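Commentary on secondary and tertiary structure
Below are the chains, spelled out letter by letter.
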Amino acid sequence: MTDSDAINDTPMPLLDHIVELRRRLIWSIGTFVIAFAICYHFAGDIYRFLAAPLGDIMRQKGEQPHLIYTALYEAFFTYIRVAVFGATCLSFPMIAIQAWIFIAPGLYRSEKKAFAPFLVATPVMFTIGAALAYYVVFPFAWKFFLSFQTSGNGGMDIELQAKVSEYLTLVTKMILAFGICFELPVILTLLVRVGLIGTAQLRKFRRYAVVASFAVAAVIAPPDAITMLSLAIPLVALYEVSILVARLVEPKPVTDEED
């Protein structure tokens with residue numbers, strides 16, 4: 001370690017830590033509250049955006065797009081839920097920045113440089129996962145589910161009357177699930193970078209990772225093969241990508257001469 005890489009070793013009083021943590025929490029909560037107010041104002045637009053994939057499939061089938069609610073308060077809490085979801089996504093960068101400001105003073109300069117790329121990659125990978133769910137998975141999944149409707153066959157018709165609360169719960173759950181699962185390369189690469197695991201271990205546990213990917217997809221995704229495979233296959237691919245990327249940042253073993 002060089003002199004320029006050193007930090008001030010003077011211990012910071014516990015009270016100062018608490019004051020700094022309080023300051024960061026105030027910034028984070030304040031950002032979330034402001035984002036919530038903005039998202040609640042545009043809750044109708046956010047709702048229409050989230051409902052658009054289902055609406056497009058309904059129009060293709062010649063149906064009038066609609067969702068229902070069966071409780072007087074359900075529509076109100078639907079807008080609250082939409083605003084919370086939007087505020088979470090909107091305020092996450094600021095919350096991450098505040099967490100970094102709180103943690104960074106305790107790191108060496110080299111450690112800061114090592115962590116910086118992961119801070120950038122985290123929202124990028126989350127966005128890619130959420131976009132995959134919205135633009136690829138949802139159209140195929142909703143089309144599959146709507147294919148079970150029957151009408152005009154002289155018997156008892158089967159018609160979808162989806163509740164808005166259940167639909168939004170499923171959509172937000174899937175978007176968050178895909179976004180979080182796409183953080184796999186970031187997490188594994190970071191663990192390799194700090195030396196907790198190695199690429200040899202990742203290759204060794206490859207078969208278990210495949211099984212775990214399908215298990216996670218089966219738990220998170222709706223009980224249909226299309227949605228499950230849409231999450232499981234990218235997870236397996238991301239695990240392989242993690243191994244390749246981790247090889248680039250894996251610390252080289254120190255030889256006796258270098259030591």
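Above this text sits the structure in question.
Here the structure is a predicted model, which means the values were calculated and not measured.

This part takes up the nonpolar core. Of all hydrophobic cores here, the largest spans 40 residues; its most connected members are Phe138, Trp142 and Tyr167. Going through the elements one at a time, helix H2 (43–60), helix H3 (74–103), helix H4 (109–146), helix H5 (164–181), helix H8 (206–220) and helix H9 (225–249) are the ones with two or more residues in this core. In terms of residues, this core owes the most to one element, H4, which gives 10 residues. Val192, Ala209, Tyr239 and Ile243 belong to the second-largest nonpolar core, a separate cluster that totals 7 residues.

On to a nonpolar patch on the surface, then. Together, Phe49, Tyr135, Val136, Phe140, Phe144, Phe145, Phe148 and Ile226 give the surface a local cluster of nonpolar side chains, amounting to about 780 Å² of exposed area. Among the structural elements, Ile226 can be located in helix H9.

The subject of this paragraph is H5. When the terminal C-alpha atoms of H5 are compared, their 25 Å separation across 18 residues agrees well with the 26 Å that a helix rising 1.5 Å per residue should span. Those residues of H5 lying buried are Val164, Ser165, Tyr167, Leu168, Val171, Thr172, Met174, Ile175, Ala177, Phe178, Gly179 and Cys181.

Within the secondary structure, Thr199 sits in helix H7 (residues 199–204). Among the residues examined, Thr199 registers a relative accessible area of 6% and is labelled buried. Apart from residues lying up to four places away in sequence, Thr199 is in contact with Val192, Ile243, Ala246, Arg247 and Glu250.

Rolled over the atoms, a probe as big as a water molecule pinpoints where empty space is left. If you add up the space inside the largest pocket, you get close to 580 Å³. Together, 26 residues line the largest pocket, and Phe85, Cys89, Phe126, Ala130 and Ile175 are the ones closest to its centre. For the lining of the largest pocket, the secondary structure elements donating two or more residues are H2, H3, H4 and H5. The dominant element in the lining of the largest pocket, judged by the number of residues it contributes, is H3, at 9 residues.

Another point: the packing of aromatic side chains. One pass over the structure, following the stated rule, counts 11 aromatic pairs. An angle of 80° between the planes, with centres 6.0 Å apart, marks the rings of Tyr73 and Phe77 as edge-to-face. An aromatic cluster is present here, built from Phe49, Tyr134, Tyr135, Phe138, Trp142, Phe144, Phe145 and Tyr167 joined pairwise through their rings.

Counted at 1.5 Å a residue, the expected span for helix H1 (residues 14–41) with its 28 residues is 40 Å, and the 41 Å between its end C-alpha atoms agrees. All of the buried residues in H1 are Glu20, Arg24, Ser28, Thr31, Ala35 and Cys39. Structurally, H1 contributes buried residues whose contacts are with H2 and H3.

On to the environment of Ala96. Note that Ala96 resides in helix H3. For the pair Ala96 and Pro123, spaced 27 residues apart in sequence, the C-alpha separation works out to 9.6 Å.

Procedures and definitions
- Positions within a chain are numbered from 1, following the residues in the order the chain's sequence is written.
- The predicted nature of this model means local features are confined to residues of pLDDT at least 70 and side-chain atom pairs, given and counted, to a pLDDT of 80 or more, with totals for whole chains, interfaces and linings taken over all residues.
- Excluded from the side-chain calculations are hydrogens and water; all other atoms, namely the structure's heavy atoms, are used.
- Only buried Ala, Val, Leu, Ile, Met, Phe, Trp, Tyr and Cys residues count toward a nonpolar core, and they belong to the same one when joined by side-chain atoms within 4.5 Å.
- Burial here depends on accessible area, computed with a 1.4 Å probe over protein chains only, as a share of the maximum for the residue type. Under 20% is buried, over 50% is exposed, and the range in between is partly exposed.
- We count a stretch as a helix when DSSP gives it H or I for four or more residues in a row; a strand needs E for two or more, and each element gets its number in order from the N terminus.
- Patch construction takes residues with relative accessible area above 30% that form no salt bridge. Like charges are linked within 9 Å, and nonpolar side chains (Val, Leu, Ile, Met, Phe, Trp, Tyr) are linked within 5 Å.
- All accessible-area figures derive from a Shrake-Rupley calculation using a 1.4 Å probe, and residue coverage is judged against the displayed protein chains alone.
- By definition here, a salt bridge exists when the distance from a side-chain nitrogen of Lys or Arg to a carboxyl oxygen of Asp or Glu is within 4 Å.
- Each helix should span, by expectation, one fewer than its residue count multiplied by 1.5 Å.
- Only heavy atoms matter for contacts: two residues are in contact if any of them lie within 4.5 Å across the pair.
- Residues are called lining when one of their atoms sits within 4 Å of a cavity or pocket point, these points coming from a 1 Å grid over the protein atoms alone, where a cavity is a set in which a 1.4 Å probe fits but cannot get out and a pocket is an open set with protein on both sides within 12 Å along at least five of seven lines.
- Grid points are joined across faces, edges and corners, and a volume is the space filled by probe spheres set on the points.
- Think of it this way: a Phe, Tyr or Trp ring, Trp meaning its six-membered ring, pairs with another when their centres are within 6.5 Å, and the plane angle makes it stacked under 30 degrees, edge-to-face over 60, tilted otherwise.

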